[in-house]
Amino acid sequence: MTEREIQAVIFDFSGTLFRLDEDDSWFDGVTRPDGSPLDGHHVAELMRRMTAPVGEVVEFDDVSRHAWQNRDLDPALHRQAYLHVLRESGVTEASQAESVYGRVVDPSCWTPYPDTADVLESLASRSVPVAVLSNIAFDIRPAFEALGIDKYVTEFVLSYEVGVVKPRPGIFQHATQALGVDPARTLMVGDSEEADGAATAIGCSFALVEPRPTAERPTALRDALARYGL
């Protein structure tokens, strides 16, 4: 139990509540420039680059760097940035890159962690308000609606809708204000010290979870909340 009672929780999306666990079928027909199929190692590295929360994952020129740095504020820049990442990662055929990118922005392709639904339902049953806060340029609400758990989320704070990205304080302030809670009584749960951990700048507590494959992380959310008496 911590010194201060937690009254609200903010969750990151990617690598925290859901993960883009690739399906082999997504890469059917996707090849290297020499025409050879992608192997498992290449697919794993490609997915890492497509879901990395911070940093530059490939080489950029000025135009593509602008798109990358602002990708979570504008869907068009998001598409431009990730198609560049795919090309630089060896997926040079335009139709193949578009196919892979389409999986990234399709909420139905994202897999919930095993304890996501239970944790959100448990918090709702205790009248603990929840926000889902994400640097993202597409609507993730359908992923929650498909599981029937959107009703447990008080507020979705998506960077492309609110016009600010983590780690800037404004996005965390937006979330706490929307929830009507004091940041000092709010817990931020996320998979990035740099991006999500920046919530501490406005006084929130922070719990780190590892963005492991969903099958390898059955109770991390429950464990994180338990450390804060939830």
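Scoring rules and cut-offs
Residues numbered from 1 in each chain as written. Predicted model: local features only at pLDDT ≥ 70, side-chain atom pairs only at ≥ 80, totals over all residues. Heavy atoms only, no water. Domains from an automatic or database assignment. Buried area = accessible area lost by both parts, 1.4 Å probe. Salt bridge = Lys/Arg side-chain N within 4 Å of Asp/Glu carboxyl O. Polar contact = N/O pair within 3.5 Å; in protein donor to acceptor, adjacent residues only side chain to side chain. Helix = DSSP H or I, 4+ residues; strand = E, 2+ residues; numbered from the N terminus. Nonpolar A, V, L, I, M, F, W, Y, C, P; charged D, E, K, R; others polar. Buried < 20%, exposed > 50% of the residue type's maximum accessible area, 1.4 Å probe, protein only. Pairing = 2+ DSSP bridges. Right-handed = clockwise from strand over helix to strand, strands pointing away.

## Some details on the domain arrangement of the protein chain
For step 1, the next point in the chain: Considered domain by domain, the protein chain is made up of domain 1 (8–19 + 110–227) and domain 2 (24–109).
For step 2, the next point in the chain: Each of domain 1 and domain 2 has a C-alpha centre, and these two points are 25 Å apart.
For step 3, the next point in the chain: Summing both sides of the interface, domain 1 and domain 2 together bury roughly 1,200 Å²; the carbon and sulfur share of this comes to 63%.
For step 4, the next point in the chain: Of all residues in domain 1, Trp110, Ala137 and Phe138 bury the most surface against domain 2, accounting for 45% of the area lost on that side.
For step 5, the next point in the chain: Our enumeration of links across domain 1 and domain 2 arrives at zero salt bridges.
For step 6, the next point in the chain: Here domain 1 is connected to domain 2 by four residue pairs in polar contact (both at pLDDT 80 or more).
For step 7, the next point in the chain: Secondary-structure elements contributing two or more residues to the side of domain 1 that touches domain 2 are helix H6 (141–147) and helix H7 (159–162).
For step 8, the next point in the chain: Partitioning the side of domain 1 that touches domain 2 into residue classes produces ten nonpolar, six polar and three charged.

## Brief notes about the pairing of strand S4 (residues 130–134)
For step 1, the next point in the chain: For S4, the buried fraction is high: five of the five residues fall into the buried class.
For step 2, the next point in the chain: Side chains Val130, Val132 and Ser134 project from S4 onto one buried face, and the interleaved Ala131 and Leu133 project onto a second face that is buried too.
For step 3, the next point in the chain: Sheet topology note: the strand S1 (residues 8–11)/S4 ladder contains three bridges and is parallel. Within S4, the position partnered with Phe11 by the bridge is Val132.
For step 4, the next point in the chain: In the sheet, S4 pairs with strand S5 (residues 155–158) via four bridges, with the strands oriented parallel. In the sheet register, Ala131 faces S5, and the bridge partner there is Glu155.
For step 5, the next point in the chain: Taking the sense of rotation as the criterion, the β-α-β connection linking S4, H6 and S5 turns out right-handed.

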